[in-house]
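# Secondary and tertiary structure notes
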Amino acid sequence: MARQNTLFKEAFNRYAAFLTPDAALPSEPEIAAQLGISRSTARAILMRLSDAGIIRWNKRQKIVLRQPTDADLFPEEETNSLHDIIERQFMLRILSDDAQPGMQINELELAREIGAGTTSVREFLIRFSRFGLIEKRPNSHWILKGFTREFALELADVREMFELHSAAEFGKLPANHSAWTALTAIKREHQELLDGFDERYRDFSQLDEKFHLLIHGASRNRFIADFYDVISIVFHYHYQWNKAMARERNSRAIAEHLDYIEALQSRDKERIDKACRLHLSSARQTLLQSIPQNTNEEASDP
């Protein structure tokens, strides 16, 4: 029950964040598909929105009356899933200044630090290990292989293949699809971030993750969704690795996002492809610049 309650609260906050006044909401099955939840959970979300006076729900017609406020949302500590908590603690550990290739990761110690069960931690590590960043050893131990330049290049290649496809699919969505409303809300968040950029530029990484996850949702491809979950983890956290030039880097990325959003809204296939490629090229360079080169890598570079 606790797991389902967390799922409901997280999904409610996620959906409420995209609502804009006067928008017409889709059917329960469409909401369920968009959020990756059950129809019963989607219905519970609509009921809470209706009870709070955020939407008017009359049979099949669901109209947004007002934009949700912070008071309407569940506190963050109530919406963090166990997976998110494990992910955050694991990434903070392997991205710390003293984390080096060959560093041991012990399931029991990590579970104790997080306050989670060892089975949940082991499942996360097994899933993450498919990408070659960590390797299983006997006696509940794992070895950090190291985030190398080669790993980053392979990761960027896969991300670009996925996103070019997803962006093209996004441009084909029908005009009444809720993703367009979500995209408009994200565009507004970018503009608001720019208004207070000097104080808030470090908030960009979370907005970046939200934007790209929305685009990938348009693919409706279970394999892309599964792989992109790990890809997004790395690209999201890499903003924390190298804080040098963070303000300038984030400013450029926001400008690219806004051009990308306008391209998506234009539905012009060539314009979408061009904006997508430009931004992904910048993201690749940013990721590579975040990786300290060791002596061997420096020697092999031309």
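Throughout what follows, the structure given in this document is the object of discussion. Quick caveat, the model's predicted, so the values are computed rather than measured.

### Some points on the sheet that holds strand β4 (residues 134-137)
Strand order in the open sheet formed by three strands is β3-β5-β4, with antiparallel pairing between adjacent strands. Among the strands making up the open sheet, the edge pair consists of β3 (104-106) and β4. When the angles between neighbouring strand axes are averaged without regard to direction, this sheet yields 30°. The pairing of β4 with strand β5 (residues 141-144) spans four bridges and is antiparallel. From the neighbouring strand, K136 faces β5, where its bridge partner is W142.

### A short note on the pattern of salt bridges
All told, the structure shown has twelve salt bridges when counted by the stated rule. Across the pair R66 and D72 runs a salt bridge, and its minimum N-O distance is 2.8 Å. Of the residues examined, R66 reaches a relative accessible area of 27% and is grouped as partly exposed. Here R271 and E262 are joined by a salt bridge, their closest N and O atoms 3.8 Å apart. Classification of E262 by relative accessible area gives partly exposed; the value is 36%. Residues joined by salt bridges that share partners form a network here, namely D157, E160 and R284.

### Thoughts on the nonpolar core
Grouped together as the largest cluster of nonpolar side chains are 31 residues, with contacts concentrated most on F170, L183, F211, Y260 and L264. When residues of this core are traced back to their parent elements, those giving at least two are α7 (149-170), α8 (178-195), α10 (204-217), α12 (246-266) and α13 (269-289). With eight residues, the single largest contributor to this core is α12. Other than its neighbours up to four places away in sequence, F170 contacts A179, W180, L183, L214, I215, A218 and L264. In this structure, M103, A111, L125 and I224 belong to the second largest nonpolar core, which totals 22 residues.

### Focus: the pairing of strand β1 (residues 55-58)
Bridge count for β1 against strand β2 (residues 61-64) is four bridges, and the pairing is antiparallel. Looking at the pairing, I55 lines up with V64 of β2. Hairpin geometry of β1 and β2 is characterised by an intervening segment of two residues between the two adjacent antiparallel strands and by a positive phi of about 55° at K59.

### A short note on the packing of aromatic side chains
Enumeration according to the criterion identifies five aromatic pairs in this entry. Consider the rings of F8 and F12, whose centres lie 6.2 Å apart with planes at 45°: the pair is tilted. Of this pair, F8 and F12 are both found in helix α1 (residues 2-16), four residues apart, which corresponds to roughly one turn of the helix. This pair shows no difference in class: F8 is buried, exactly as F12 is. Taking 5.6 Å as the distance between ring centres and 75° as the angle between the ring planes, the aromatic pair formed by F12 and F74 counts as edge-to-face. You can see F12 sitting in helix α1 and its partner F74 sitting in the loop between β2 and α4 (82-94), a full 62 residues away along the chain. According to the relative accessible area criterion, F12 is buried, its value standing at 1%. Through pairs of rings, three or more aromatic residues link up here, namely F8, F12 and F74.

### Comments concerning the packing of α7 against α10
Contact geometry of α7 with α10 gives a least axis separation of 7 Å together with a crossing angle of 65°. It follows from the interaxial angle that α7 and α10 lie roughly perpendicular. Read as a crossing pair, α7 and α10 show a hand that is left-handed. Contacts from R159, F162, E163, S166, A167 and F170 in α7 reach H212, L214, I215 and H216 in α10. A breakdown of the residues in the contact of α7 with α10 according to their chemical character gives five nonpolar, three polar and two charged.

### As for the side chain of H257
Within the secondary structure layout, H257 lies in helix α12. For H257, a relative accessible area of 0% puts it in the buried group. Not counting residues within four places of it along the chain, the set of residues in contact with H257 comprises H190, F204, D208, F211, H212 and H279.

### Description of the packing of α8 against α12
The interhelical angle for the contact between α8 and α12, taken along N-to-C directions, is 155°, at an axis separation of 10 Å. For the element pair α8 / α12, the angle class is roughly antiparallel. The chirality of how α8 crosses α12 is left-handed. Facing α8, whose interface residues are W180, L183, T184, I186, K187, H190, Q191, L193 and L194, α12 presents I254, H257, L258, I261, E262, L264 and Q265. Of the residues belonging to the contact of α8 with α12, the class tally is nine nonpolar, five polar and two charged.

Conventions adopted
- Residues numbered from 1 in each chain as written.
- Predicted model: local features only at pLDDT ≥ 70, side-chain atom pairs only at ≥ 80, totals over all residues.
- Heavy atoms only, no water.
- Pairing = 2+ DSSP bridges.
- Helix = DSSP H or I, 4+ residues; strand = E, 2+ residues; numbered from the N terminus.
- Axes fitted to C-alpha atoms, helices over the stretch in contact; angles between N-to-C directions.
- Salt bridge = Lys/Arg side-chain N within 4 Å of Asp/Glu carboxyl O.
- Buried < 20%, exposed > 50% of the residue type's maximum accessible area, 1.4 Å probe, protein only.
- Core = buried A, V, L, I, M, F, W, Y, C linked by side-chain atoms within 4.5 Å.
- Contact = heavy atoms within 4.5 Å.
- Phe/Tyr/Trp six-rings, centres within 6.5 Å; stacked < 30°, edge-to-face > 60°.
- Parallel < 35°, antiparallel > 145°, perpendicular 65-115°, else oblique.
- Left-handed = near helix turned anticlockwise from the far one by under 90°.
- Nonpolar A, V, L, I, M, F, W, Y, C, P; charged D, E, K, R; others polar.

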